[in-house]
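Examining the three-dimensional arrangement
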Amino acid sequence: MCSSDLPQDCFSCGQVIEGAAFRYTTLTRSIALLGRIDCSHRRFFDVGWTARQLPDLGGRVAVITGGNSGIGWHTAYALAAHHGRVIIACRNVDKGEAAARRIRTNVVGAKVVVRRLDLASIASVREFADEWDGPLHLLINNAGVMAPPRRASTEDGFELQFGTNHLGHYSLTGLLLP
């Protein structure tokens, strides 16, 4: 993580801003402003949206990769709380089942299913997609690995982080498209 006081473009209007402090983080794969920047369109952090504003998702089906922990779990929780049918697609089914139990404990009538998906294996991605039957309304490509301690490869021979975070999700999306 590093900060920079170099001129940057405003995320809202594109105007060049001198001396804005930016925080770069590859963990979230995003750039977030530290502080507020006013422009004629809006303030960057004053979006004001919360998960409470989700519509009723009854009859909708969502797949969330990596929904067993972190942001993925919170996303699965919010979708289940709004009556969506949630499929947690994760590498470790035991951890996925534990996450699903936590959701079911807190959300009455939650429809949460766990399916095995290893994004570091194109064979696993293909198996997941081949077994898919029925509609899919939301695909949330959330899972990923970050900075493995040593060079590692997927079973298909790709660098682990690139193979999992990009190629795995790209293949899954392509295979699930109608």
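See above for the structure.
Residues numbered from 1 in each chain as written. Predicted model: local features only at pLDDT ≥ 70, side-chain atom pairs only at ≥ 80, totals over all residues. Heavy atoms only, no water.

1. Notes on the overall build of the protein chain
- A count of helices and strands for the protein chain gives four helices and nine strands.
- For the protein chain, the α and β elements follow one another from N to C terminus as β-β-β-β-β-β-α-β-α-β-α-β-α.
- Looking at the protein chain as a whole, 36% of its 178 residues qualify as buried.
- Counting only contacts in the protein chain whose residues sit at least 6 apart along the sequence, the fraction spanning at least 24 positions is 55%.
- As displayed, the protein chain has an accessible area near 10,900 Å², and 53% of this comes from carbon and sulfur atoms. (Helix = DSSP H or I, 4+ residues; strand = E, 2+ residues; numbered from the N terminus. Buried < 20%, exposed > 50% of the residue type's maximum accessible area, 1.4 Å probe, protein only. Contact = heavy atoms within 4.5 Å. Areas by Shrake-Rupley, 256 points an atom, 1.4 Å probe, with all protein chains shown as cover.)

2. A closer look at the pattern of salt bridges
- For the coordinates displayed, the defined rule picks out one salt bridge.
- Put simply, Glu 131 and Arg 115 hold a salt bridge, and the shortest N to O gap is 3.3 Å. On the criterion of sequence distance, the pair formed by Glu 131 in helix 3 (residues 122-131) and Arg 115 in strand 8 (residues 111-116) is long-range, its members being 16 residues apart.
- Take Arg 115: its relative accessible area is 19%, and that puts it in the buried class. (Salt bridge = Lys/Arg side-chain N within 4 Å of Asp/Glu carboxyl O.)

3. Some words on the sheet that holds strand 9 (residues 138-140)
- The parallel open sheet is built from four strands, whose spatial order is 8-7-6-9. The open sheet has two edge strands with one neighbour each: strand 8 and strand 9. Averaged over neighbouring strand pairs, the angle between their axes works out to 20° when direction is ignored.
- Of the strand pairs in this sheet, strand 6 (residues 61-65) and strand 9 are connected by three bridges, and their pairing is parallel. When the sheet's bridge partners are listed, Ile 64 is paired in strand 9 with Ile 140.
- Its contacts with the sheet place helix 3 against strand 6, strand 7 (85-90) and strand 8, and it is angled at close to 140° to strand 8. (Pairing = 2+ DSSP bridges. Axes fitted to C-alpha atoms, helices over the stretch in contact; angles between N-to-C directions.)

4. Quick look at the environment of Gln 161
- With respect to the helices and strands, Gln 161 occurs in helix 4 (residues 160-176).
- A sequence separation of 16 residues divides Gln 161 from Val 145, and the C-alpha atoms of the two residues are 5.6 Å apart.
- Discounting chain neighbours no more than four positions away, the residues touching Gln 161 are Val 145, Met 146, Ala 147, Pro 148 and His 166.
- A distance of 3.1 Å separates a polar side-chain atom of Gln 161 from the backbone nitrogen of Ala 147. (Polar contact = N/O pair within 3.5 Å; in protein donor to acceptor, adjacent residues only side chain to side chain.)

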